[in-house]
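Per-entry structural report
So you can see what is in the structure, the chains are spelled out below.
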Amino acid sequence: MASDGKWYAPQAPPPVAPLPPPPTPPSYPGQPGASLGNPGLAAAPPTSGFAIASLVCSLLFFLGVTPILGIIFGFVARSRIRRAGGTKKGDGLAVNGIVLGFVELIVFVLLLAIAIPTFFGPRIQNNEPARASLENALTTAKVFYARFQNFNPSVQGNTALKTLAAVLHASEPQLNFLSTGGTLNPYTVVVSESAYASNYGERAGVLVSNAALFVAYSHAGKCWFILDIEVPPASGTIQGETSAGTFYASSSPVPAGGCTTAQAPTATGGWSNMFQ
């Protein structure tokens, strides 16, 4: 009841306006997580596949091949990550792959540099004395031929030096020369020149030999040969060759009697232009 003694109906309080909803975070095109239930929480960017491949390849040390792939994949990954603008990660993996790849590649090269002389050096060195003896014999024989135009020592009229082997021994006393038989010594060379006189006939009553064959033995278990033909035969072949030149060959295994001229190639294609 009011102060004036009258009764009035109670008035309702004025309505209260509802609170506005919280603002929604902005969503950008391509933003990770924008289409998920919680659009405001972005998912972590994916790791570059090339970065993972770089690290894996660098960790696998296989004949120096995988480290090279690791280095290549690492550089590709870093390039793509930079172009992705933060939507890909893995730069650290790529860097680790590149560094490991270079380290393993250097180690592989060092191991290769040690292994080649260790495994192949002795074989090369074992062959070298025999080949050097043959080269020395060839050089001395060519000097003789240049003077007399004949490998047959009879052309010089010295009855004491009846074979080319004797001529070579007189000029190269540090080496031994045989005209027949076999050799099991890298410093003993078997020389044959008279066998080819029939290819050229006579000149002034002296058999002409424009070809000579040299044979030597190596501790690597091979027989080495040099065939020198100064003038090609008028007909037929000399040990399978028909042209002038210096030819090289080798054979194995070595017979019990040593390396002989009989083991030299006699077929076309059995010789080459250098020692192999």
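I will try to describe carefully the structure that is included in this document. Per chain, the residues get numbers from 1 upward, laid out in the order the sequence is written. The predicted nature of this model means local features are confined to residues of pLDDT at least 70 and side-chain atom pairs, given and counted, to a pLDDT of 80 or more, with totals for whole chains, interfaces and linings taken over all residues. Where side-chain values are given, they derive from all heavy atoms of the structure, hydrogens and water being excluded.

**Describing the nonpolar core**
Keep this limit in mind: What makes a nonpolar core is a set of buried Ala, Val, Leu, Ile, Met, Phe, Trp, Tyr and Cys residues whose side-chain atoms join them at distances within 4.5 Å. Throughout, exposure labels follow a simple rule: accessible area from a 1.4 Å probe, protein chains only, divided by the maximum for the residue type, with under 20% read as buried, over 50% as exposed, and the rest as partly exposed. In this description a helix means any DSSP run of H or I spanning at least four residues, a strand means any run of E spanning at least two, and both kinds are numbered starting from the N terminus. We call two residues contacting when some pair of their heavy atoms lies within 4.5 Å.
Formed by 24 residues in total, the largest nonpolar core has its most connected members in L134, L164, L168, F177, V189, V191 and F214. When residues of this core are traced back to their parent elements, those giving at least two are α3 (91-148), α4 (164-171), β2 (188-192), β5 (211-218) and β6 (222-229). Ranked by residues supplied to this core, first place goes to α3 with eight residues. With sequence-adjacent residues up to four places away left out, F177 is seen in contact with A137, A165, L168, H169, E172, V189 and V191. In terms of nonpolar packing, the next biggest core, distinct from the first, is built from 18 residues, V190, I238, A264 and W271 among them.

**Structural notes on the pairing of β2**
The following threshold applies: Here a strand pair is declared whenever DSSP counts at least two bridges between the two strands.
Within β2, five of the five residues are buried, which leaves it mostly tucked inside the rest of the structure. Alternating residues of β2 divide into T188, V190 and S192 and V189 and V191, and every residue in both groups is buried. Relative to β2, strand β1 (residues 176-178) runs parallel, the two being bridged by three bridges. Paired with F177 across the two strands is V189, which belongs to β2. Where β2 lies against β5, three bridges are found, and the strand directions are antiparallel. What sits directly across from S192, in β5, is L213.

**Let's talk about unusual backbone geometry**
Cis rather than trans, the peptide bond between S252 and P253 has omega equal to 0°. Residue placement: P253 occurs in the segment after β7 (245-251). Backbone geometry places Q149, a non-glycine residue, at a positive phi of 55°. Tracing the backbone shows Q149 in the loop between α3 and α4.

**What about α4?**
Note the cut-off: Here the arc refers to the directions that run from the helix axis out to each C-beta atom.
For α4, the set of buried residues is L164, A165, V167 and L168. Along the axis of α4, the buried positions cluster into a sector of 160°, meaning they face one direction only.

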